[in-house]
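So the chains spell out like this:
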Amino acid sequence: PTTVIKDQEGLQGLQKAWLGLQHALKMFQHIFDSMSFHYENCDTMPDSICVPVIMGQGGCITNPATFICKGVAFTIRAYSYVVLVGLDIAYEAVNHEFEIATLGPDDAIYGKEYSTATHTDLQSHVDWSVKSLKNINQNILNQHNSMRQHLQKRHFAMETNIGQDIFDAQNALGQAIVDAQNANGQEIVDARNAMSDQHNQMLTWMHDKFPQRICQVYQASGGDCTSFIGPLEEGQTHVPMELYWPEGQLSLMDKLQQIEETLEYGVAK
């Protein structure tokens, strides 16, 4: 099983160490190879230096430059090799830890399979979403058209009903006004007829009864009355009556005045 490092900063530090060791290993590998090249180049130098014999002196001596060249190249190469081996060991150790800390081959394959499956699912979801949105759009359009038609029918029915109600109300109001006018006219006619009847009754009473009552009052008070006998004047509708009051007697008004004074005197007393 692969160990998963949850500390991302530790993984980044391990990666930096791994990359640093890789660069150092490459550098010292080049140094080691260079020293091997220089060591081989030291063989091109002469092992000895010969001086021509002049005046009985001369000969060949060991070349110190060759010895120094090989000694320096060997020493640097030996130290480079030791460092190279140490860097190689450290690099392998860090590389081992880095491989364990990061995804393994199985995880990489699984990641690839998961990515492929996610892409496939996402593509299917996109296709399904496009079809679903088209269906939703069509359903909304159908519902909108259906609702608009329903509203138009309802509005037309409301206009028809309102118009019929207004027409019926106008007819009812007109009929009520006509009935009220007829009732008022009938009441006016009845009132006029009643007034005419009362007027005729009053005229009849004044013509027949009133003279008799006046005559009775005069007779009771000591007077006398006679009805007119003879033709009436043109335009005259009532029979005139002549009233007589005996001389020396108090008139009716005088008697009423006397009664009033007597009552006032009695009250004051």
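Residues numbered from 1 in each chain as written. Predicted model: local features only at pLDDT ≥ 70, side-chain atom pairs only at ≥ 80, totals over all residues. Heavy atoms only, no water.

(A) Spotlight on the overall build of the protein chain. A tally of helices and strands in the protein chain yields five helices and four strands. Every one of the 269 residues in the protein chain was classed for burial, and the buried ones make up 11%. (Helix = DSSP H or I, 4+ residues; strand = E, 2+ residues; numbered from the N terminus. Buried < 20%, exposed > 50% of the residue type's maximum accessible area, 1.4 Å probe, protein only.)

(B) Geometry of helix 2 (residues 64-101). For helix 2, built from 38 residues, the straight-helix expectation of 56 Å at 1.5 Å per residue is met to within 8% by its first-to-last C-alpha distance of 54 Å. Turning to helix 2, its buried residues number three or more, namely Thr 66, Ala 73, Ser 80, Leu 84, Leu 87, Tyr 91, Val 94, Asn 95, Phe 98 and Ala 101. (Expected span 1.5 Å × (residues − 1).)

(C) Focus on a nonpolar patch on the surface. A cluster of nonpolar residues, Met 27, Ile 31, Phe 67, Ile 68, Val 72 and Ile 76, forms a patch on the protein surface that exposes about 570 Å² of accessible area. Among the elements of the structure, helix 1 (8-42) and helix 2 are those that each provide at least two residues to the nonpolar patch. Here the nonpolar patch gets four residues from one element, more than from any other, and that element is helix 2. In this fold, Phe 67 is placed in helix 2. (Patch = residues over 30% accessible without salt bridge, like charges linked within 9 Å, V, L, I, M, F, W, Y side chains within 5 Å. Areas by Shrake-Rupley, 256 points an atom, 1.4 Å probe, with all protein chains shown as cover. Salt bridge = Lys/Arg side-chain N within 4 Å of Asp/Glu carboxyl O.)

(D) Spotlight on the side chain of Ser 129. Among the structural elements, Ser 129 can be located in helix 3 (residues 105-208). Reaching out from Ser 129, the side chain makes a polar contact with the backbone oxygen of His 125 at a distance of 2.7 Å. (Polar contact = N/O pair within 3.5 Å; in protein donor to acceptor, adjacent residues only side chain to side chain.)

(E) Representation of the confidence of the model for the protein chain. Counting all residues, the mean pLDDT for the protein chain is 77, and 72% of those residues have values of 70 or more. Taken together, the stretch residues 1-6 has pLDDT below 50 and engages in seven contacts with residues farther than four places along the chain or on a different chain. (pLDDT = per-residue confidence, 0-100. Contact = heavy atoms within 4.5 Å.)

(F) Local environment of the environment of Leu 84. Of note, Leu 84 is situated in helix 2. Sequence spacing of Leu 84 and Phe 28 is 56 residues, and the spatial spacing of their C-alpha atoms is 5.8 Å. Ignoring any residue separated from it by four or fewer positions in sequence, one finds Leu 84 in contact with Leu 25, Phe 28, Gln 29 and Phe 32.

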